[in-house]
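Chain by chain, the residues run as shown.
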Amino acid sequence: MKVQFNEINAAKTKLDSAIVFFVGDDKKLSPLAQTINKQAGGLLAKALTTGKFTGKRGQVVTLVAPQGVKANYILLAGTGAAKTLDARALENIGGGLVSHLNAARTATATVFYEAGKGAVSAGEGAARIGHGVRLRSYRFDKYFTKKTADEKPTLNSVTVALAGAKAAEKPFAELEKLAEGIFFTRDLVSEPANIIDPETLAEQCKTLSKLGVEVSVLGEEEMYELGFGALLGVGQGSVKESQLVVMRWNGLGKGSKIPPVAFVGKGVTFDTGGISIKPAGGMEEMKWDMGGAGT
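Residues numbered from 1 in each chain as written. Predicted model: local features only at pLDDT ≥ 70, side-chain atom pairs only at ≥ 80, totals over all residues. Heavy atoms only, no water.

## A look at the pairing of strand β5 (residues 108-112)
Item 1. For β5, the buried fraction is high: four of the five residues fall into the buried class.
Item 2. Note that strand β2 (residues 18-24) and β5 share three bridges and pair parallel. Paired with Phe21 across the strands is Phe112, a residue of β5.
Item 3. Sheet analysis places β5 next to strand β6 (residues 157-162), joined by five bridges and oriented parallel. Bridging across to β6, Ala109 finds its partner in Val158. (Buried < 20%, exposed > 50% of the residue type's maximum accessible area, 1.4 Å probe, protein only. Helix = DSSP H or I, 4+ residues; strand = E, 2+ residues; numbered from the N terminus. Pairing = 2+ DSSP bridges.)

Shown next, in the form of structure tokens:
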């Protein structure tokens, strides 16, 4: 999913195949939305006075754009009270839009963020909306072979338009790194257990060395010498060797007064414990026992 940021300019704004305006719980249209409302013959204002739309966060109304508006769809997205729009809320709003835009079968969309009094700056807010879009766009479809065109998402590009668009680029670039880590984790957890086993999970851990993480892997022979009987006992029923992965990131540098932080956990790539009494339904979910380790 491509996410980008552009300046708002009512005179020069290129209207996309779908355009999105935010509406708070006061149900007032933003200045640019008012301009589009006139072009649409009052359609947006009518949508706010009929039906059940109250501007509550999470509510979305999708309108077919009439002639005179250079877009196929107009979406009104509720945000609730402006003062409650913190980073998490804006991420959730951005993510929620993705399903509505895909339901409209649109490929591109422009989200107009005419920021009011929120809990974050306009640039940070726009970045969080874009981050929510990116996270919601994740899919794990690599093993689906019979999906029809109607079952596949259509949305591939979202532009967040705001005044001072440059201010969104730096915080979004930082959030993109976080998104890459989240997607990496989701891929690990989504893979079946015949793809991600102890050895292949350890190999995936080694890929983090390119980011400066020191990665070392102990096999069963080394663990026997160190007396790791409990860990070895769990894995002894598998033809795959147990692995113990140690990852270190020394990012704080020497002289830091912050104590080191250590996470210790199990990465059981498929939980076969008690398999004789487990029902067949939902058995594939046992691969998710390594979700914590994947994270």
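## Regarding the nonpolar core
Within soluble globular proteins, side chains that are nonpolar generally end up buried alongside one another.
Item 1. Counting residues in each nonpolar core, the largest one holds 29 residues, and the members touching the most others are Phe5, Val20, Phe22, Leu97, Leu101, Tyr113 and Ala126.
Item 2. Elements supplying a minimum of two residues to this core: β1 (2-7), β2, β4 (73-80), α3 (87-103), β5, α4 (122-136), β6 and α5 (166-190).
Item 3. With six residues, α3 is the single largest residue contributor to this core.
Item 4. With residues near it in sequence (within four places) discarded, Tyr113 still touches Ile8, Phe22, Leu90, Ser121, Ala122, Gly125, Ala126, Ile129, Val160, Ala161 and Leu162. (Core = buried A, V, L, I, M, F, W, Y, C linked by side-chain atoms within 4.5 Å. Contact = heavy atoms within 4.5 Å.)

## Brief notes about the pattern of salt bridges
Item 1. A complete count under the given rule lists eight salt bridges for this structure.
Item 2. The closest approach of N and O atoms between Glu91 and Arg128, which form a salt bridge, is 2.5 Å. Of this pair, Glu91 sits in helix α3 while Arg128 sits in helix α4, and the two are 37 residues apart along the sequence.
Item 3. Arg139 is the salt-bridge partner of Asp141, the closest N and O atoms lying 2.8 Å from each other.
Item 4. With a relative accessible area of 27%, Asp141 lands in the partly exposed category.
Item 5. Judged by relative accessible area, which is 39%, Arg139 ranks as partly exposed. (Salt bridge = Lys/Arg side-chain N within 4 Å of Asp/Glu carboxyl O.)

## Some points on the environment of Val111
Item 1. Along the chain, Val111 turns up in strand β5.
Item 2. If we ignore the near neighbours within four places in the chain, the residues touching Val111 are Val20, Phe22, Leu97, Val158, Thr159, Val160 and Ala161.

## Observations concerning the side chain of Arg134
Item 1. Within the secondary structure, Arg134 sits in helix α4.
Item 2. A polar side-chain atom of Arg134 sits 2.9 Å from a polar atom in the side chain of Glu176. (Polar contact = N/O pair within 3.5 Å; in protein donor to acceptor, adjacent residues only side chain to side chain.)

## Considering a negative patch on the surface
Item 1. Residues Glu199, Glu221, Glu222, Glu225 and Glu241 make up a contiguous surface patch of negative charge.
Item 2. With three residues, helix α7 (residues 220-226) is the single largest residue contributor to the negative patch.
Item 3. By the element assignment, Glu222 lies in helix α7.
Item 4. We classify Glu222 as partly exposed; its relative accessible area is 36%. (Patch = residues over 30% accessible without salt bridge, like charges linked within 9 Å, V, L, I, M, F, W, Y side chains within 5 Å. Areas by Shrake-Rupley, 256 points an atom, 1.4 Å probe, with all protein chains shown as cover. Lys, Arg positive; Asp, Glu negative; His and termini not counted. Charge placed at Lys NZ, Arg CZ, Asp CG, Glu CD.)

## Structural notes on a nonpolar patch on the surface
Item 1. A surface patch of nonpolar side chains, amounting to about 240 Å² of accessible area, comprises Leu226, Phe228 and Leu231.
Item 2. Following the sequence through the fold, Leu231 ends up in helix α8 (residues 229-235).
Item 3. Classification of Leu231 by relative accessible area gives partly exposed; the value is 32%.

## A look at the sheet that holds β5
Item 1. If you trace the six strands from one edge of the open sheet to the other, you get β1-β6-β5-β2-β4-β3, paired in mixed fashion. Here the strands that pair on one side only, and so sit at the sheet edges, are β1 and β3 (60-64). Recorded for the sheet is a direction-independent mean angle of 25° between the axes of neighbouring strands. (Axes fitted to C-alpha atoms, helices over the stretch in contact; angles between N-to-C directions.)

## Overview of the side chain of Thr269
Item 1. Looking at the secondary structure, you find Thr269 in the loop between β8 (244-248) and α9 (291-294).
Item 2. Setting aside anything within four residues of it in sequence, one finds Thr269 in contact with Ala193, Ile196, Asp197, Pro198, Leu201, Met286, Lys287 and Met290.

## Considerations on the packing of aromatic side chains
Item 1. Taken as a whole and judged by the stated rule, the model has five aromatic pairs.
Item 2. Aromatic side chains Phe5 and Phe172 sit 5.1 Å apart centroid to centroid with 70° between the ring planes, which places their arrangement in the edge-to-face category. Note that Phe5 is positioned in strand β1 and Phe172 in helix α5, a separation of 167 residues in sequence.
Item 3. Taking the ring centre of Phe144 as reference, the NZ or CZ of Lys147 above it sits at 4.4 Å. (Phe/Tyr/Trp six-rings, centres within 6.5 Å; stacked < 30°, edge-to-face > 60°. Lys NZ or Arg CZ within 6 Å of the ring centre and 35° of its normal.)

## Here's the deal with the pairing of β6
Side chains on a regular strand alternate between the two faces of the sheet.
Item 1. Counting buried positions along β6 gives six out of six residues, so the element sits mostly inside the fold.
Item 2. By the alternation rule, side chains of β6 split into Ser157, Thr159 and Ala161 and Val158, Val160 and Leu162, which are all buried.
Item 3. Bridge count between β1 and β6: six bridges; the pairing is parallel. Counted as the bridge partner of Lys2 is Ser157 from β6.

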